[in-house]
Amino acid sequence: MRPDPVRPRRCDGTAAGGDGTAAGGDVSGADARGLVLTVNGDDRTVPEGATVADLVADLGLEPRGIAVAIEGEVVTRRTWAGRPLVAGERVEVLTIAQGG
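Note that this is a predicted model, so its numbers are computed, not measured.

### Looking at the nonpolar core
Here is step 1 of the chain: Counting residues in each nonpolar core, the largest one holds 18 residues, and the members touching the most others are Val-52, Val-68, Leu-85 and Val-91.
Here is step 2 of the chain: Among the secondary structure elements, those contributing two or more residues to this core are β3 (34-39), α1 (52-58), β5 (66-70) and β7 (90-95).

Below is the structure:
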């Protein structure tokens, strides 16, 4: 069973749409289903070995216009596929919003 999607945040911190919430999990960092992370403030379980690219795809997002930060550090898009996620990490997925 796939967890409900996490709503990405806009750069201003507001939700970017959708009504899904993250799947809960054991906040110790790992459970029988995989690794537990905090994505946009909600606990989310991902399979062991998942990368940033896997997480973005699992969220149903196109990489263009998306920024990802882990523990407050921006992860460049070209490194997403090679950057494994680690249990307990805080991940922020942001959409770039145009406007004024």
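Right, picking up where we left off after that structure.
### Brief notes about unusual backbone geometry
Here is step 1 of the chain: Phi at Asn-40 is positive, roughly 50 degrees, even though this residue is not glycine.
Here is step 2 of the chain: Relative to the assigned elements, Asn-40 resides in the loop between β3 and β4 (42-46).
Here is step 3 of the chain: The backbone phi angle of Glu-71 is positive, close to 55 degrees, even though this residue is not glycine.
Here is step 4 of the chain: By the secondary structure assignment, Glu-71 is in the loop between β5 and β6 (73-75).

### Some thoughts on the pairing of β3
Here is step 1 of the chain: By the criterion of burial, β3 is predominantly enclosed, with five of the six residues buried.
Here is step 2 of the chain: In this structure, β3 lies alongside β4, joined through five bridges in antiparallel fashion. Within β4, the residue paired with Val-36 across the bridge is Thr-45.
Here is step 3 of the chain: In this antiparallel pair of consecutive strands, β3 and β4, the connection spans two residues, and Asn-40 shows a positive phi of 50 degrees.

What counts and what doesn't
Residues numbered from 1 in each chain as written. Predicted model: local features only at pLDDT ≥ 70, side-chain atom pairs only at ≥ 80, totals over all residues. Heavy atoms only, no water. Core = buried A, V, L, I, M, F, W, Y, C linked by side-chain atoms within 4.5 Å. Buried < 20%, exposed > 50% of the residue type's maximum accessible area, 1.4 Å probe, protein only. Helix = DSSP H or I, 4+ residues; strand = E, 2+ residues; numbered from the N terminus. Pairing = 2+ DSSP bridges.

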